[in-house]
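# An overview of the molecular structure
Now for the letters of each chain:
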Amino acid sequence: MSLPDKKGFFGAYGGRFVPETLIPVLDEVKEAFYRFKEDEEFQKELAYYLKYFVGRPSPLYFAERLTSEIGGAKIYLKREDLNHTGAHKINNTIGQVLLAKRLGKKRIIAETGAGQHGVATATACALFEMECVIYMGEEDTRRQALNVFRMELLGAKVVSVKTGTRTLKDAVDEALNDLILNYKDTYYMLGSAVGPEPYPEMVKYFQSVIGTEAKEQILEVEGKLPDYLIACVGGGSNSIGLFAPFYDDREVKMIGVEPAGKGLNTPDHAATITKGTPGIIHGFKCYLLQDDQGEPLPVYSIAAGLDYPGVGPEHSFYKDSGRAQYVTITDKEAIDAFIKLSKVEGIIPAIESSHAVAYALKLAAKLDPEQTIIICLSGRGDKDVAEVAQILGK
Amino acid sequence: MNRVAAKFAELSVLGKKALIPYLMAGDPSVDVTLKMMEVLEENGADLIELGIPFSDPLADGPVIQKATQRALKNGFRMSKLFPLVEAAVKVISLPIVLMAYYNLILQYGTERFIQEAMEAGVGGLVIPDLPPEEAGEISRIALECGIALNFLTTPVSTPMRIKKAAMASTGFLYLVSVRGVTGERRSLSLELPVLVKKIKRVTSLPVAIGFGVSCPEQARELASLADGVIVGSAVVNRMVNDNPETSYREVGAFIRSLRQAINKEDILKEQRTD
């Protein structure tokens, strides 16, 4: 497979649609990424921190009670929720901080929506003594005050972004502006498999540890490849991390689950691939929720981590080529799955990951007991407990 | 020759430097933008750069971002763009250069956008988030329609990239004078004279310098180095008034002061060459 091409395109998607000032910055990151990816010392250090700091490999857990209750395919959970900091985001930030260190950068900047990537970035920066600045929409800093404190505790400076809609999209714009001005000593740590080349490929590379491990683990216990891979898709980093190592295994079906929010026939969703059209946002081409004139639309999901009007270019390509299928789950279905997994397996999943669980439950019921499903349980749900309690009127 | 290139050629014959103010279309209203274009012409502008509001403006600083939000909030839509240009070319004779983020053009349809731009009387186009290597299709159509494409280059661009931008440009080369996004700066980059020389070695295109001009003195300094000066945020900043009449007066006076400063440079240059 020779994706992406030399200019960072996955089929028609990806590439670089950025102001000229960013080109040399991206060139520097690209050159370093492809160089160090092949560097033995780099790989050794990455493996060390993934094992001893993040706690990898994460288990592939057979959800036995859930499986018997549904009465269909065997359900396995790839437990990214057990990573240090409680989600898959840390896989990427450890990888990128090692790269930034080799580039001689002293200062890391990042955007964050709900704060998960911000916390993972702040963690990596604390570990490697980097100055850390996190851009977060003012609206999000209010909604996620605890995560703001967490980042500050880890030594990061959180900048509240007061432009535009004061959410993730504007935080990305501000981070990019900072990068253009300060790129000599600053590294931009993008949190999802989105953005201009080389970010989608690089984030996928660091997240592919999920799929690589899962493949080994399922072969060990089942002696065969899984029938289905299921993961939630916001920007799409946990899903592409699970999917990509199975790309050439054509018999393995991949399903990305997008947030239908309050319903696909309402404006309150973030089902980018399902309802969007090709466009450009934040410097790359992808499916995009936009109006007929090309303005990005406001998006909504109960899961702040899925709340983005664009989506990774590789997912956009998988959609067109048919390699993966993209489906949706509403807020309500996600909450039901959140409760179900907590009660039946004693695992409280992130509300983002609950979208994947919800779809898997529907699908498993229709399959045979010989078939297997791997769900990427991308994060743990402690952060969502208060909100779910509120919704349930508790 | 397209209208933008023709304008630069005409100015060059006269020994003059181009003054190119920037306006955001529809900020605060289409009527004010239209009237303001007349004010710009009356006070000595040579071309007008007209920004199209887009809510995800990667290349713009806070002043233009706010103008974007005002224009969008006040109901500016793409459907109002070409009627505005059509109305403008009836009352002013300056070439209009649109600044459009690429997604706006893609969603409109590249061919349709260029076609309608031509029919409305647009002179040229700046697409800040479109690198020259992705511009194949739009370059071909723009060339057919006589619309000038103007690419950006920066102080950190390699000679190879400067060449690429110059080869793809058919009007002028847009030199970003300061690293970063648009916005006024107190002092201009010291490396600029060297940089302009470097650019002039690889291209004979006119070079217009933008991003960061805040006062007549800077405009004069930049005009001495290049073929034109683009002034954006400093103009837009003078339009944040409750009364449009105040904006016309303030912007008019500002443009006049820039023109005089640039002309002084032209005269100095003439004397030097005499």
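Further up the page is the structure itself.
Described below are features of the structure shown in this document. (Residues numbered from 1 in each chain as written. Chains lettered and ligands numbered in written order. Predicted model: local features only at pLDDT ≥ 70, side-chain atom pairs only at ≥ 80, totals over all residues. Heavy atoms only, no water.)

## Quick notes on the overall build of chain A
In terms of helices and strands, chain A carries 16 helices and 14 strands. A compact globule built from 394 residues should have a C-alpha radius of gyration of about 21 Å, and chain A, at 19 Å, falls within 12% of that. The dimensions of chain A, computed from C-alpha atoms along their principal axes, are 55 × 45 × 40 Å. Burial statistics for chain A: of 394 residues in total, 64% are counted as buried. Residue pairs at least 24 apart in sequence account for 73% of intrachain contacts in chain A once pairs closer than 6 positions are excluded. (Helix = DSSP H or I, 4+ residues; strand = E, 2+ residues; numbered from the N terminus. Rg over C-alpha atoms; globule rule 2.2 N^0.38 Å. Buried < 20%, exposed > 50% of the residue type's maximum accessible area, 1.4 Å probe, protein only. Contact = heavy atoms within 4.5 Å.)

## Concerning the nonpolar core
Core analysis: the biggest nonpolar cluster contains 197 residues, and Y187(A), L242(A), Y318(A), L81(B), L98(B), F113(B) and L125(B) have the highest contact counts within it. Setting aside residues no more than four positions away along its own chain, L81(B) makes contact with L50(B), I52(B), F76(B), L98(B) and F113(B). Within the second largest apolar cluster, 36 residues are counted, among which are I230(A), V327(A), V344(A) and I375(A). (Core = buried A, V, L, I, M, F, W, Y, C linked by side-chain atoms within 4.5 Å.)

## Observations regarding the interface of chain B and chain A
Facing the 37 residues of chain B at the interface are 37 residues of chain A. For the pair chain B and chain A, the summed buried area comes to about 2,900 Å², and 51% of that belongs to carbon and sulfur atoms. Considering only the surface of chain B that becomes buried against chain A, D56(B), L58(B) and Q107(B) emerge as the three largest contributors, covering 21% of it. Where chain B touches chain A, the interface holds three salt bridges. In this structure, the salt-bridge partner of E20(A) is R161(B), at a minimum N-O distance of 2.6 Å. Where the side of chain B that touches chain A is concerned, the elements lending two or more residues are α3 (62-73), α5 (102-108) and β6 (152-153) of chain B. Per-element tally for the side of chain B that touches chain A: the top contributor is α5(B), with five residues. (Buried area = accessible area lost by both parts, 1.4 Å probe. Salt bridge = Lys/Arg side-chain N within 4 Å of Asp/Glu carboxyl O.)

## Side note on the sheet that holds strand β5 (residues 107-112) of chain A
Residue and element names in this part refer to chain A. With parallel pairing, four strands are arranged side by side in an open sheet as β7-β6-β5-β8. Both outer strands of the open sheet, β7 (157-161) and β8 (186-188), are each paired with one neighbouring strand and no more. Here the average twist between neighbouring strands, direction ignored, is 25 degrees. Looking at chain direction, strand β6 (residues 131-137) and β7 are connected through five bridges and run parallel. Counterpart to V133 in the pairing with β7 is K157. (Pairing = 2+ DSSP bridges. Axes fitted to C-alpha atoms, helices over the stretch in contact; angles between N-to-C directions.)

## Focus: the environment of S321(A)
Inspection of the secondary structure puts S321(A) in helix α13 (residues 313-321). In this structure the C-alpha to C-alpha distance between S321(A) and H117(A), which are 204 residues apart in sequence, comes to 30 Å.

## With respect to helix α4 (residues 89-102) of chain A
Residues and elements named next belong to chain A. Spanning 14 residues, α4 covers 21 Å between terminal C-alpha atoms, matching the ideal 20 Å at 1.5 Å per step. The buried count for α4 comes to twelve of 14 residues, which makes it a mostly enclosed element. Positioned one or two residues after α4, G104 has a phi angle of 80 degrees, which is positive. (Expected span 1.5 Å × (residues − 1).)

## Let's talk about the pairing of strand β11 (residues 277-281) of chain A
Within a regular strand, the side chains alternate between the two sheet faces. All names here are of chain A. Two elements, β11 and strand β12 (residues 284-288), share five bridges in a ladder whose sense is antiparallel. Its bridge partner being in β12, G279 is matched across the sheet by C286. Where β11 hands over to β12, the hairpin turn is made up of two residues, of which H282 adopts a positive phi near 50 degrees.

## Details of the packing of aromatic side chains
Two measures describe an aromatic ring pair: the distance that separates the ring centres and the angle between the ring planes. Residues and elements named next belong to chain A. Across all of its chains, the model carries 22 aromatic pairs over all chains by this definition. Seen in terms of ring centroids, F33 and Y205 are 5.5 Å apart; in terms of plane orientation they differ by 70 degrees. Their pairing is edge-to-face. Note that F33 is positioned in helix α1 (residues 23-36) and Y205 in helix α9 (residues 199-207), a separation of 172 residues in sequence. With 6.0 Å between their ring centres and 55 degrees between their planes, Y188 and Y199 make a pair best called tilted. On the criterion of sequence distance, the pair formed by Y188 in strand β8 and Y199 in helix α9 is long-range, its members being eleven residues apart. Across the pair, Y199 and Y188 agree in class, each one buried. Through successive ring pairs, a cluster of aromatic residues spans F33, Y34, F36, F42, Y205 and F206. Seen from the ring of Y61, R79 lies directly overhead, with NZ or CZ sitting 6.0 Å from the centre. Between R102 and the ring centre of F36, over which it is positioned, the NZ or CZ distance is 5.7 Å. (Phe/Tyr/Trp six-rings, centres within 6.5 Å; stacked < 30°, edge-to-face > 60°. Lys NZ or Arg CZ within 6 Å of the ring centre and 35° of its normal.)

## Remarks on the pattern of salt bridges
Taken as a whole and assessed by the stated rule, the structure comprises 41 salt bridges over all chains. The shortest N-O distance in the salt bridge between K105(A) and E28(A) comes to 2.9 Å. Of this pair, K105(A) sits in the loop between α4 and β5 while E28(A) sits in helix α1, and the two are 77 residues apart along the sequence. Residue K105(A) is classed as buried on the basis of its relative accessible area of 4%. For R70(B), the salt bridge is made with D27(B), and the minimal N-O distance between the two is 2.7 Å. In this pair, R70(B) is assigned in helix α3 and D27(B) in the loop between β1 (18-24) and α2 (30-42), connecting sequence segments 43 residues apart.

## Examining the environment of A126(A)
Among the secondary structure elements, A126(A) is positioned in helix α5 (residues 116-127). Counting along the chain gives 28 residues from A126(A) to L154(A), while the straight-line C-alpha distance between them is 6.1 Å.

## What to know about the side chain of T272(A)
All names here are of chain A. Residue position: T272 is located in helix α12 (residues 272-275). At 3.2 Å, the side chain of T272 forms a polar contact with the backbone oxygen of Y308. Not counting residues up to four positions away in its chain, the partners in contact with T272 are E258, Y287, L288, L289, Y308, P309, G310 and V311. (Polar contact = N/O pair within 3.5 Å; in protein donor to acceptor, adjacent residues only side chain to side chain.)

## Quick look at the sheet that holds strand β10 (residues 253-261) of chain A
Residues and elements named next belong to chain A. One open sheet accounts for six strands, arranged β3-β4-β14-β9-β10-β13; its pairing is mixed. Looking at which strands have only one partner, the edges of the open sheet turn out to be β3 (60-62) and β13 (324-330). Mean inter-strand twist for the sheet, computed between neighbouring axes without regard to direction, equals 25 degrees. Taken together, the three bridges between β3 and strand β4 (residues 74-79) define a ladder with antiparallel strand orientation. If you follow F62 over to β4, its bridge partner there is Y76. Strand contacts of α13: β10 and β13, with the helix running at about 110 degrees to β13, the strand carrying the most contacts.

## Here we look at the packing of α9(A) against helix α10 (residues 209-222) of chain A
All names here are of chain A. Axis separation between α9 and α10 bottoms out at 5 Å; the angle between their running directions is 35 degrees. From α9, Y205, F206 and Q207 reach across to α10, where they touch V209, I210 and G211. Taken together, the residues that form the contact of α9 with α10 break down as four nonpolar, two polar and no charged. (Nonpolar A, V, L, I, M, F, W, Y, C, P; charged D, E, K, R; others polar.)

## A few points about helix α2 (residues 40-54) of chain A
Residues and elements named next belong to chain A. With 15 residues, α2 should reach 21 Å at 1.5 Å per residue; the first-to-last C-alpha distance of 20 Å fits that figure. All of the buried residues in α2 are F42, E45, L46, Y49, L50 and V54. Looking straight down α2, one finds that the buried residues subtend no more than 135 degrees of arc, so they occupy a single side. Exposed positions of α2 whose direction lies more than 90 degrees from the buried face are E40, K44 and Y52. Looking at the buried positions of α2, the neighbouring elements they touch are α1, α4, α5, α9 and α10. At the C-terminal side of α2, G55 shows a positive phi close to 95 degrees. (Arc of directions from axis to C-beta.)

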